[in-house]
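# Geometric and topological summary
These are the residues of each chain, in order.
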Amino acid sequence: MTLLDGKKTSEQIKAEIAEEVASINSQGGKTPHLAAILVGHDGASETYVNSKVKDCAQVGFRSSLLRFEDSITEEELLKVVEEVNDDEDVDGLIVQLPLPNHISVQKVTERIRPEKDVDGFHPENVGRMVKGLPAYISATPYGIVQLLDRYQIETSGKHCVVIGRSDIVGTPMSILMARKSSPGNCTVTLCHSRTKDIKAMTLQADIIIAALGIPEFLKGDMVKSGAVVIDVGITRVPDPTKKRGYALKGDVDFEQVAPKCSYITPVPGGVGPMTRASLLWNTLQSAKKAFYLTESVS
Ligand code: GUN
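The paragraphs below set out a description of the structure included in this document. (Residues numbered from 1 in each chain as written. Predicted model: local features only at pLDDT ≥ 70, side-chain atom pairs only at ≥ 80, totals over all residues. Heavy atoms only, no water.)

### Describing the overall build of the protein chain
Summing up its helical and strand segments, the protein chain has 10 helices and 11 strands in all. Relative to the compact-globule value of 19 Å for 298 residues, the protein chain shows a C-alpha radius of gyration of 19 Å, a close match. The C-alpha extent of the protein chain, read off along each of the three principal axes, is 55 × 45 × 35 Å. Per-residue burial for the protein chain yields a buried fraction of 47% across its 298 residues. (Helix = DSSP H or I, 4+ residues; strand = E, 2+ residues; numbered from the N terminus. Rg over C-alpha atoms; globule rule 2.2 N^0.38 Å. Buried < 20%, exposed > 50% of the residue type's maximum accessible area, 1.4 Å probe, protein only.)

Here's what the structure looks like:
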């Protein structure tokens, strides 16, 4: 069993990004700039956004954190998004989710200019991704693809079972693994809350990507020997023995599943750091105008 070390791999990716930023700066180019909008005081969201700001500093990006109280109206938030859209110095804009119930995620996502949508949540980026066009791909699925690639895990012809069909992870993951590329070329089964017999599916899987948000859902008897297991889950479970009062639990029962695997991601230190590195990578592509504004239509 080999651990897929997302921490180490993400450090390599960040070093590559930092090198590129240094080279851009030395040639008088524009320093990449990520803006993050955070609404409210959700503990996990605060942690994630603070990490993203720290990551920017580590690779030499500029970052701006725009914080608002839960009381901000949808209209006010949409106006802020438009102001950042119009700020020429900002290359990437993310709005941390979840948002308060009175604000439509859909409306906010669609208001972000696709060229700055480094989360890859805008329908235009999702559509481009599905068609295999250059696009911002949401950071968690892209991080997983990068991890498989850097560990040179063969995916072609394999059966990949994705558990969870969220917009952010499960659905784009299923598309990326099925498409004609490397990594990719899998036969994909997308399981969700209405799937009749998930165990019957996962037992057939060469690759399992668990992204349903139920701690330790995937048990040892649901996995065939030699499988590759990717754990996207990161749920805070109360734990009085920990200083911060909670433990982070993945969607995989690591103790049971790991001995059966060829490769498995730990939690923490697997998918999470790869997600963070992917957001930086997308922001760098935006600063380089790699995906948009390069095609002239004249
Ligand atoms: N909330 C959970 N994951 C994400 C993410 O990747 N991006 C944003 N903006 N919010 C999230």
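### A look at the site of the ligand
Close to the ligand lie Lys 52, Val 95, Gln 96, Leu 97, Asp 119 and Phe 121. The contact in question runs from a nitrogen atom of the ligand to an N or O atom on the backbone of Val 95, over 2.8 Å. At a separation of 3.3 Å, a nitrogen atom of the ligand approaches a polar side-chain atom of Gln 96. Contact with the protein chains hides 81% of the accessible area of the ligand, taken as 280 Å² for the molecule alone. Looking at the shell around the ligand residue by residue, the class counts come to three nonpolar, one polar and two charged. (Near = heavy atom within 4 Å. Polar contact = N/O pair within 3.5 Å; in protein donor to acceptor, adjacent residues only side chain to side chain. Areas by Shrake-Rupley, 256 points an atom, 1.4 Å probe, with all protein chains shown as cover. Nonpolar A, V, L, I, M, F, W, Y, C, P; charged D, E, K, R; others polar.)

### With respect to helix α7 (residues 170–178)
For α7, every residue scored as buried is listed here: Gly 170, Pro 172, Met 173, Ser 174, Leu 176 and Met 177. Tucked into the core, α7 has its buried residues touching α5 (123–130), α6 (139–150), β5 (159–163), β6 (187–191) and β7 (207–210). (Contact = heavy atoms within 4.5 Å.)

### Remarks on the pairing of β5
Regular strands have side chains that alternate between both faces of the sheet. Burial analysis of β5 places five of its five residues in the buried class, the great majority of the element. Along β5, one buried face is formed by His 159, Val 161 and Ile 163 and the opposite face, lined by Cys 160 and Val 162, is buried too. As judged from the five bridges shared by β5 and β6, these two strands associate in the parallel manner. Each bridged residue has a counterpart across the sheet, and for Val 161 the counterpart in β6 is Thr 189. Examined bridge by bridge, β5 and β7 share four bridges and lie parallel to one another. (Pairing = 2+ DSSP bridges.)

### Section: the environment of Asn 85
Inspection of the secondary structure puts Asn 85 in helix α3 (residues 74–86). On the accessibility criterion, Asn 85 (5% relative accessible area) is buried. Along the primary structure Asn 85 and Arg 111 are separated by 26 residues, whereas in three dimensions their C-alpha atoms are 8.7 Å apart. When sequence neighbours within four positions are dropped, the list of residues in contact with Asn 85 reads Leu 93, Arg 111, Ile 112, Arg 113 and Lys 116.

### Some details on the nonpolar core
Counting 46 residues, the largest nonpolar core has Ile 17, Phe 61, Ile 144, Met 177, Ile 209 and Ile 230 as the members making the most contacts within it. Setting aside its immediate chain neighbours within four residues, Ile 144 contacts Met 173, Ile 209, Ile 230, Val 232 and Val 271. (Core = buried A, V, L, I, M, F, W, Y, C linked by side-chain atoms within 4.5 Å.)

### Looking at the packing of aromatic side chains
Two aromatic rings, taken as a pair, are described by how far apart their centres are and by the angle between their planes. A complete count under the given rule lists four aromatic pairs for this structure. Both rings, one in Trp 281 and one in Phe 291, keep their centres 6.4 Å apart while their planes meet at 50°; by these two values the pair is tilted. Of this pair, Trp 281 sits in helix α10 (residues 271–287) while Phe 291 sits in the segment after α10, placing them 10 residues apart in sequence. Owing to a relative accessible area of 27%, Trp 281 belongs among the partly exposed residues under this scheme. Positioned above the aromatic ring of Tyr 292, the side-chain terminus of Arg 128 is 4.2 Å from the ring centre. (Phe/Tyr/Trp six-rings, centres within 6.5 Å; stacked < 30°, edge-to-face > 60°. Lys NZ or Arg CZ within 6 Å of the ring centre and 35° of its normal.)

### A closer look at the sheet that holds β6
The sheet built from six strands is open, its strands ordered β1-β11-β8-β7-β5-β6 with parallel pairing. Every other strand in the sheet has two partners, leaving β1 (2–3) and β6 as the edge strands with one partner each.

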